[in-house]
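Topology and contacts: notes
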Amino acid sequence: MTILPYALLICLGAVTISMFLCLARLVIGPSIVDRLLALDTLFLNATCLVVILGIYWASTFMFEGALLVAMLGFVSTAALARYFTTGHVID
């Protein structure tokens, strides 16, 4: 018997707890910068969650989904940061 399924379940629990903590910071965050960083961290945790589930279920489609979540997270964080600093996204 291998230890991989047990390690993946522990990782799954840790990432889920981290996502709930990021969600709490996103809702409660005192400043807009805290909320933006929480959103970025939430996208990172979602990417990790999809990768862990892809390994656990042995599905290669999950890795493509993780790539899409990562790209969407990067673009949305960059756009929101530009909007909050300059007031517009596109020049």
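Because the structure is a prediction, the values reported are computed rather than measured. (Residues numbered from 1 in each chain as written. Predicted model: local features only at pLDDT ≥ 70, side-chain atom pairs only at ≥ 80, totals over all residues. Heavy atoms only, no water.)

Turning to the UniProt feature "transmembrane region" (unreviewed entry) in the protein chain, a few remarks are in order. In this numbering, the UniProt entry assigns the feature "transmembrane region" (unreviewed entry) to residues 6–24, 36–59 and 65–85. Measuring from the first to the last C-alpha atom of residues 6–24 gives 27 Å, for a span that is 100% helix and 0% strand. With 92% helix and 0% strand, residues 36–59 has end C-alpha atoms that lie 31 Å from one another. (UniProt positions renumbered as here; feature names shortened; annotations may be inferred. Helix = DSSP H or I, 4+ residues; strand = E, 2+ residues; numbered from the N terminus.)

Moving on: the packing of helix α1 (residues 4–28) against helix α2 (residues 32–57). Running from N to C, α1 and α2 point in directions that differ by 160 degrees, and their axes come no closer than 9 Å. Considered as vectors, α1 and α2 are oriented roughly antiparallel to each other. As for how α1 packs across α2, the hand of that crossing is left-handed. For the contact of α1 with α2, the residue count by class is 22 nonpolar, 4 polar and 3 charged. (Axes fitted to C-alpha atoms, helices over the stretch in contact; angles between N-to-C directions. Parallel < 35°, antiparallel > 145°, perpendicular 65-115°, else oblique. Left-handed = near helix turned anticlockwise from the far one by under 90°. Nonpolar A, V, L, I, M, F, W, Y, C, P; charged D, E, K, R; others polar.)

Attention shifts here to the nonpolar core. By size, the foremost hydrophobic cluster in this structure holds 9 residues: L8, V15, M19, C22, L42, A46, L49, I52 and L53. Counting residues per element, the ones that place at least two in this core are α1 and α2. Discounting chain neighbours no more than four positions away, the residues touching L49 are L12, V15, T16 and M19. (Core = buried A, V, L, I, M, F, W, Y, C linked by side-chain atoms within 4.5 Å. Buried < 20%, exposed > 50% of the residue type's maximum accessible area, 1.4 Å probe, protein only. Contact = heavy atoms within 4.5 Å.)

What follows covers α2. Compared with the 38 Å implied by 1.5 Å per residue over 26 residues, the 37 Å span of α2 between its first and last C-alpha is a close match. Among the residues of α2, those classed as buried are L36, A38, L42, N45, A46, T47, L49, V50, I52, L53 and G54. The inward-facing, buried residues of α2 contact α1 and α3 (61–86). At the C-terminal side of α2, A58 shows a positive phi close to 55 degrees. (Expected span 1.5 Å × (residues − 1).)

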